[in-house]
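Each chain is listed here by its residues.
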There are 2 protein chains.
Amino acid sequence: MANALQQLKAYQKKVIRLSEVSAILDWDQLTYMPAGAAADRADQQTTLQMLIHNLAVDPEVGRLLEASAAEVVGQPEGSEDAALVRVSKRDYDRSTRVPSNLIEELVSHSSMAYEVWVKARKQSDFSIFAPVLRKTVELNKRLADCLGYEEHPYDALLSQHEPGMTASKLRQLFAELRPALVKLVAEIAAAPQVDSSFLRGDFAVDRQQELTLEAVGILGYDTNRGRQDKTVHPFCTSFSRNDVRITTRYDEHMLGGALYASLHEAGHAMYEQGLPGHLELTALCRAASSGVHESQSRLWENMVGRSRQFCAYFLPRLVHYFPETFNNISAEELYRAVNRVEPSLIRVEADEVTYNLHIILRFELEIAMLEGRLDIDDLPDAWDAAMHEMLGVIPPSDTEGCLQDVHWSSGFGGFPAYTLGNLIAAQLWNSIRHDLPNLGSAIESGNCAPLLTWLRDHVHSLGARLDPMDLVQHSTGEVLDSKYLISYLHEKYRDIYGL
Amino acid sequence: MANALQQLKAYQKKVIRLSEVSAILDWDQLTYMPAGAAADRADQQTTLQMLIHNLAVDPEVGRLLEASAAEVVGQPEGSEDAALVRVSKRDYDRSTRVPSNLIEELVSHSSMAYEVWVKARKQSDFSIFAPVLRKTVELNKRLADCLGYEEHPYDALLSQHEPGMTASKLRQLFAELRPALVKLVAEIAAAPQVDSSFLRGDFAVDRQQELTLEAVGILGYDTNRGRQDKTVHPFCTSFSRNDVRITTRYDEHMLGGALYASLHEAGHAMYEQGLPGHLELTALCRAASSGVHESQSRLWENMVGRSRQFCAYFLPRLVHYFPETFNNISAEELYRAVNRVEPSLIRVEADEVTYNLHIILRFELEIAMLEGRLDIDDLPDAWDAAMHEMLGVIPPSDTEGCLQDVHWSSGFGGFPAYTLGNLIAAQLWNSIRHDLPNLGSAIESGNCAPLLTWLRDHVHSLGARLDPMDLVQHSTGEVLDSKYLISYLHEKYRDIYGL
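Everything quoted here is computed from the prediction, not taken from an experiment.

Scanning chain A for helices and strands turns up 21 helices and 3 strands. A compact globule built from 499 residues should have a C-alpha radius of gyration of about 23 Å, and chain A, at 23 Å, falls within 12% of that. By principal-axis analysis of the C-alpha atoms, chain A measures approximately 70 × 50 × 50 Å. Here chain A holds 499 residues, and 43% of them are scored as buried. Nonlocal contacts in chain A, meaning residues at least 24 apart in sequence, comprise 72% of its contacts between residues at least 6 apart.

As structure tokens, then:
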């Protein structure tokens, strides 16, 4: 007879395999599924999801968890078995604490809210979306109550993405970051702008496809265990560590979008491909959190892909694919162009410096709405005021303002992961530069292997054994601190803009 | 409280949805899955298949079936509810009669046997495959005993593909067909051969892709509920009647392969797309049998795609895509070329006339092996003798002889469906020409809608309500008879070859 932990693992394997299957269905839906199949696909997913949910909340799991906990008593906190029981217990609690009628209400609200959001956005009329957003807030409060929290309801919502993270910790991190960024943005705005005009032009999509595939190969994305396809929005999805796929979108008049989206998604994908093989099909063989996931995509996209060294290495490849555009461009010109900073209205198009201000704005507004300090009807004004204060721009319409993101159709607490990702990436990068003093010249010769190895050792292979903040401390020797991102941005952009 | 039949339907819906999911996984594996994912995909499939199997053999289904049978007592045999109970009961019996250890043995034998077959074929050495084939025979005998039969163990194996079909009925059908075909083949061999040399040359794959997609559109394949992709072997798969996908393969030096494979798969696909919507997600919303399925693919491929009228309509499109090849070709030359008959060694490359002799040969050998009249070691000699007798050719090696098909790695009873498909297609075609006297001129102007409507009404929309032989009688007013295929082939090929 297998012990409880072995039984738990066998059970988990089944649930994880079915979740992988569900991810395959999603991928197909977004890549190749014919339009007429939409309703059937939704029902196939519902059938599968119900099955997965029922398996996940089965009281047998609760019993196995209790018995497993007893079996690992005395093992050190960091041991794999102890971590597995801890993480699995948290998953189980999260799944069982929320009553199924609330889950159903959230799911049906979110699909209805999505439709309303599309309409409101199209008409650029927030008042259409307001009642739906009010309901989102109410449902998220109820969800927070079910999930449980110590200090703030936002903590419960955050915990879905970032185990251990709290609103107060975020406030602390952002308290330093916000003014530093606002100041840097203003300084850059006053300096002469860099030229990035050559990144616009005619770029045949099939050549872009070859180019981006080559680029992600240079980083170390393993296409024997993955592939790249074309979708409306770029994403990364994993059906096991041996099948991690990325997608990108191509604009035939702009090269940067597809290239950097590809590097970004490849960063996510290499994390998934590097998860611990010996823990496969357990709750530990996954990313530590959304923020840590984002740290990997941002590190490869920005610290590597937007570095002087990568630009120098990659320029000849750009010349190869698009000679007319790049024949007369220097590596330095390319480097400056891909790092152009400009306050803008749309988060997903924002540069490395302004991006985090878009996130801080959303975090502050979410908190205010959740606390009831901000009436839903006043959101557009609050949005515009914050944009003006932080970035000096004001959206001409709600579409380019508070209606730009889909996130509030479903829930709160997801945005901070983006900035946590940038903070973590910068702190990891600081350690990496210390540990790998020759990394710059390696990248300049197209060799990213030392970096990938470092990330495998310090991040990927840990899976979800450590909570995100513990992982950061473990990998960098320090608690997460905004100063690393601030000094990284200062150093880089004061140089580029001659400040 | 829902009655038993309603409960049965709800249960069936879940099992069918999960089977659709399994088909999606298969499709992905054969189209886009990266090589490194193979082992994980196998395990994902196993997890899903076990789940489906456990649901299908759940004793609760047996109880619901019994109660449902009582509820439909008194309804006419042909009523939908009565048919649903009958077909579901047959599925359940088939699933529950075979003990799970035999299923496991069959599955593991078949994957091992496949590997051995690949090796034996590569070395063209039947003696490597012989012990495996001996085991296939033994396992299939045991399978037949579990499934049950009245006259012949082959009937049990056949019933998996063709409900109601028996070895003795096949013998009857083939008794007329075989000599007629042998005679026709000999007559054609003595006549001057037609020229098809222009179908070989240089045909860019991307143009072939456009051309085949256009061709299947002309037939009536709905790409809003389907799509075409590239694979090593062409196939059709369905994830619901609103998502029926086909694949084809392209040979840049030969045009006929991809074109006719596409028409063939589109024939399968239009059957699936035309299954009865109001019976969706029940055991009746599927093809009546493999043979009926094949009748649809063969009808569109041969009776339509290889007709004078289709050739006349499609030639300008061929000129459009490949002007150098087709500018100086007449419709009659095209018609003759795509209907070239030539005794050959390989079944999958055989023409309309010789094809069925390949099947009859396999049927006779399967029966002989199952009855123990043919020792496995003597198979190559028996094969070569039959090939010589029927087609006048002798394989130079086992690879081009008895090792050419993968089928005997797993089981017997699958081959007859191919010839049943041709027989059914010819008999349907006879009725269609009677019911639609102007079909020829419609096809000549690219209008296949009347034909598709006829097939929807007489075949597709019936789903599995009728067993295959009942369906043929229902749709054509007569029991299945070889004479229709024989006279179709006589008429067509005596004309082409001037006999």
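The rest of the description comes next.
Every contact between the two is made by 28 residues of chain B and, on the other side, 28 residues of chain A. Mapped onto the side of chain B that touches chain A, the elements with two or more residues apiece are α1 (4-31) and α2 (38-56) of chain B. Here the element with the most residues in the side of chain B that touches chain A is α1 of chain B; it accounts for 8 residues. Residue composition of the side of chain B that touches chain A, by class: 11 nonpolar, 8 polar and 9 charged.

The next thing to look at is the domain arrangement of chain A. All names here are of chain A. Domain annotation of chain A identifies domain 1 (1-97) and domain 2 (158-499). The straight-line distance from the C-alpha centre of domain 1 to that of domain 2 is 29 Å. For the side of domain 1 that touches domain 2, the secondary-structure elements that each account for two or more residues are α1 (4-31) and α4 (80-97). In terms of residue count, α1 provides more of the side of domain 1 that touches domain 2 than any other element does, 11 residues in total. Grouping the constituent residues of the side of domain 1 that touches domain 2 by class yields 8 nonpolar, 3 polar and 7 charged.

The next thing to look at is helix α11 (residues 290-304) of chain B. Residue and element names in this part refer to chain B. The first and last C-alpha atoms of α11 sit 20 Å apart over 15 residues, in line with the 21 Å expected at 1.5 Å per residue. In α11, a bend of some 35° at Arg298 exceeds every other bend along the element. Counted residue by residue, α11 has 15 buried out of 15 residues, so it is predominantly covered.

All names here are of chain B. Tracing the chain through its elements places Ala266 in helix α10 (residues 256-273). When the 33 C-beta atoms within 10 Å are taken as the criterion, Ala266 is described as buried. Between the C-alpha atoms of Ala266 and Arg245, which are 21 residues apart in sequence, the distance is 8.7 Å. Not counting residues up to four positions away in its chain, the partners in contact with Ala266 are Val216, Leu219, Tyr221, Ile246 and Trp300.

Note on the copies: chain B fits chain A at an RMSD of 0.0 Å, the axial shift is 0.0 Å, and the rotation between them is 180°. A rotation of that kind, with that shift, is consistent with a two-fold axis. In this assembly, 100% of the residues forming the interface of chain B have copies in chain A that are likewise at the interface, indicating an isologous arrangement.

Moving on, we come to the nonpolar core. When a protein is soluble and globular, its nonpolar side chains tend to lie buried together. One finds Leu219, Ala266 and Val304 of chain B to be the most contacted residues of the largest nonpolar core, which totals 122 residues. Looking at this core, the element that brings in the most residues is helix α17 (residues 416-435) of chain B, giving 10 residues. A domain-level breakdown of this core finds at least three residues from each of domain 1 (1-97) and domain 2 (152-499) of chain B. With near-sequence residues (within four places) excluded, Val304 of chain B lies in contact with Leu219, Leu299, Phe310, Ile443, Cys448 and Leu451 of chain B. Membership of the second largest hydrophobic core comes to 120 residues, among which are Leu8, Ala83, Leu451 and Leu466 of chain A.

Glancing now at the sheet that holds strand β2 (residues 236-238) of chain A. Strand pairing within a sheet occurs via backbone hydrogen bonds; the two strands may be parallel or antiparallel. Residues and elements named next belong to chain A. In space, the 3 strands of this open sheet follow the order β1-β3-β2, with mixed pairing throughout. Single-partner strands in this sheet number two, and they are β1 (228-230) and β2. Neighbour-to-neighbour, the strand axes of the sheet open up by a mean angle of 25°, direction not taken into account. Pairing between β2 and strand β3 (residues 244-248): 3 bridges, direction antiparallel.

Moving on: the sheet that holds strand β1 (residues 228-230) of chain B. All names here are of chain B. If you trace the 3 strands from one edge of the open sheet to the other, you get β1-β3-β2, paired in mixed fashion. Looking along the sheet, the strands with just one partner apiece sit at the ends: β1 and β2 (236-238). The average angle at which neighbouring strand axes cross in this sheet is 25°, direction not considered. Here β1 runs beside strand β3 (residues 244-248); their pairing, made up of 3 bridges, is parallel. Bridge pairing links Lys230 to Thr248 in β3. Sheet strands in contact with α1 are β1, β2 and β3, and its direction is about 145° off that of β2.

Calculation notes
- Residues numbered from 1 in each chain as written.
- Chains lettered and ligands numbered in written order.
- Predicted model: local features only at pLDDT ≥ 70, side-chain atom pairs only at ≥ 80, totals over all residues.
- Helix = DSSP H or I, 4+ residues; strand = E, 2+ residues; numbered from the N terminus.
- Rg over C-alpha atoms; globule rule 2.2 N^0.38 Å.
- Buried ≥ 20, exposed ≤ 12 C-beta atoms within 10 Å, placed from the backbone.
- Contact = placed C-beta atoms within 7 Å.
- Nonpolar A, V, L, I, M, F, W, Y, C, P; charged D, E, K, R; others polar.
- Domains from an automatic or database assignment.
- Expected span 1.5 Å × (residues − 1).
- Bend = angle between axes of the 7 residues up to and from the residue.
- Least-squares fit on C-alpha atoms with pLDDT ≥ 70 in both.
- Core = buried A, V, L, I, M, F, W, Y, C linked by C-beta atoms within 7 Å.
- Pairing = 2+ DSSP bridges.
- Axes fitted to C-alpha atoms, helices over the stretch in contact; angles between N-to-C directions.

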